[in-house]
Amino acid sequence: MKNKKHFVVAIDGPASSGKSTIAKNAAKLLNCIYIDSGAMYRAVGLYVHQNEIDIQNEEQVKKSLPEISIKIQNQGDGTDNKIILNSKDVSKAIRQPKISQNASIVAKYGAVRQKLVQLQRKIANNKSVIMDGRDIGTVVFPHADFKFFIIASAQERAKRRWKELREKGEEKPLQEVLDELKWRDKTDSSRKIAPLKRPKDAIEIDTTALSIEEQTNLVCNYITKKTAVH
Ligand code: CDP
């Protein structure tokens, strides 16, 4: 790792565990780019929704893939991802709860995963990146320089997502948010291809009782201690 030009950090974990916050903050501190792989599954989920494709029909979803072009534009300091679906900025639209569920359904399909994994590897080529998702350390970059697995209790994760939604003006009962998270955890960890699981060589961090600053510091300190990046 020392003197290596580029490095890859894989951050995996269940929904709302703190992955993307840690990844964005760490990318800022370590001067590299952040890539939100989940946004790509969300973009496919949104396309299927907008075009009234039967999401439960794997063949139909597979057939629509050549019509889908996804681009991630790194904004500003490289830590803000703008998601472009067929030339349209869908960064906001993909965050709707309905699209979270859709993302989880299309993420079960092999052809969808194949297309998006290819895109993820291409974007990260020849760059130092921090990518978050469900299978980054297991499938996308099994040889990543650093792997983290971020967890938190389901209650705490639901509270975080509930707050996030409320800030966007989308009030929902906490129980509903919790049920949706649990459904997604189950769907993501029980699927046949690239299920959500801790890579054997990942460092696990439980963020339930940690502040955002503490979470970010844990990850960044670990990386800077082991590299010549800083
Ligand atoms: O932000 P949040 O943790 O709620 O989810 P996300 O990272 O935006 O991912 C949305 C969905 O995409 C997940 O529930 C997974 O089903 C899927 N996903 C995946 O299968 N593999 C990835 N590398 C990233 C996301």
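Computed from a prediction, not measured in an experiment: that's the story for all the values here. (Residues numbered from 1 in each chain as written. Predicted model: local features only at pLDDT ≥ 70, side-chain atom pairs only at ≥ 80, totals over all residues. Heavy atoms only, no water.)

Enquirer: I would appreciate a short explanation of the overall build of the chain in the present structure.
Expert: Looking only at helices and strands, the chain has nine helices and eight strands in total. With respect to the principal axes defined by its C-alpha atoms, the chain has extents near 50 × 40 × 35 Å. Within the chain, the proportion of its 230 residues that are buried is 50%. Summarising the internal contacts of the chain: among those between residues at least 6 apart in sequence, 75% fall at separations of at least 24. As displayed, the chain offers around 11,700 Å² of accessible surface, 49% of which is attributable to carbon and sulfur atoms. Separation of charge centres in the chain, based on 41 positive and 28 negative side chains, amounts to 5 Å. (Helix = DSSP H or I, 4+ residues; strand = E, 2+ residues; numbered from the N terminus. Buried < 20%, exposed > 50% of the residue type's maximum accessible area, 1.4 Å probe, protein only. Contact = heavy atoms within 4.5 Å. Areas by Shrake-Rupley, 256 points an atom, 1.4 Å probe, with all protein chains shown as cover. Lys, Arg positive; Asp, Glu negative; His and termini not counted. Charge placed at Lys NZ, Arg CZ, Asp CG, Glu CD.)

Enquirer: Sorry, what's going on with the environment of Gly38 here?
Expert: Within the fold, Gly38 resides in helix α2 (residues 37-50). Residue Gly38 is classed as partly exposed on the basis of its relative accessible area of 25%. In the structure, Gly38 is positioned 16 residues away from Asp54 in sequence and 21 Å away in space, judged by C-alpha atoms.

Enquirer: Sorry if this is basic, but what is going on with unusual backbone geometry here?
Expert: Its identity is not glycine, yet Asn126 carries a phi of approximately 65°, on the positive side. Mapped onto the secondary structure, Asn126 falls in the loop between α5 (110-124) and β6 (129-133).

Enquirer: How should the pairing of β6 be read in this particular structure?
Expert: Each regular strand carries side chains that alternate between the two faces of the sheet. In terms of residue burial, β6 counts as a mostly covered element, since five of its five residues are buried. Burial along β6 is two-sided: Val129, Met131 and Gly133 and Ile130 and Asp132, pointing in opposite directions, are all buried. Note: strand β1 (residues 8-12) against β6, five bridges, orientation parallel. Counterpart to Ile11 in the pairing with β6 is Asp132. (Pairing = 2+ DSSP bridges.)

Enquirer: How should the packing of helix α1 (residues 19-30) against helix α9 (residues 212-226) be read in this particular structure?
Expert: A pair of packed helices is captured by two measures, namely the crossing angle of their axes and the spacing between those axes. Between α1 and α9, the least distance of the axes is 9 Å, while the angle of their chain directions is 50°. On the basis of the axis angle, α1 is oblique to α9. Like other packed secondary-structure pairs, α1 and α9 cross with a definite hand, here right-handed. Residues Thr21, Ile22, Asn25, Ala26, Leu29 and Leu30 of α1 touch α9, and the partners they reach there are Ile212, Gln215, Thr216, Val219, Cys220, Ile223 and Thr224. For the contact of α1 with α9, a count of residues per class yields eight nonpolar, five polar and no charged. (Axes fitted to C-alpha atoms, helices over the stretch in contact; angles between N-to-C directions. Parallel < 35°, antiparallel > 145°, perpendicular 65-115°, else oblique. Left-handed = near helix turned anticlockwise from the far one by under 90°. Nonpolar A, V, L, I, M, F, W, Y, C, P; charged D, E, K, R; others polar.)

Enquirer: What exactly am I supposed to notice about the site of the ligand here?
Expert: Surveying the vicinity of the ligand reveals 20 residues, the closest of which are Arg42, Arg113, Asp135, Arg184 and Asp188. Contact between the ligand and Lys19: an oxygen atom at 3.1 Å from a side-chain N or O atom of the residue. Contact distances for the ligand include 2.6 Å between an oxygen atom and a side-chain N or O atom of Arg42. Burial of the ligand by the surrounding chains reaches 96%, relative to a free accessible area of 530 Å². When atoms are counted within 2 Å of each cavity's grid points, the one that captures over half of the ligand is the largest pocket. Sorting the residues of the shell around the ligand by element identifies α2, α4 (97-106) and α8 (174-190) as the ones contributing at least two each. Considering every element that reaches the shell around the ligand, the biggest residue donor is α2, with four residues. (Near = heavy atom within 4 Å. Polar contact = N/O pair within 3.5 Å; in protein donor to acceptor, adjacent residues only side chain to side chain. 1 Å grid on protein atoms, 1.4 Å probe; cavity = no way out; pocket = protein on both sides within 12 Å on 5 of 7 lines; lining within 4 Å. Sits in = over half its atoms within 2 Å of the grid points.)

Enquirer: Before we go on, may I ask you to explain the sheet that holds strand β7 (residues 146-151) in this structure?
Expert: By way of backbone hydrogen bonds, the strands of a sheet pair with one another, either parallel or antiparallel. Within the open sheet, the five strands sit side by side as β2-β6-β1-β7-β8. Their pairing is parallel. The open sheet terminates on both sides in strands that have one partner only, identified here as β2 (33-36) and β8 (203-206). Recorded for the sheet is a direction-independent mean angle of 20° between the axes of neighbouring strands. Taken strand by strand, α2 contacts β2 and β6, and its axis lies near 35° from that of β2.

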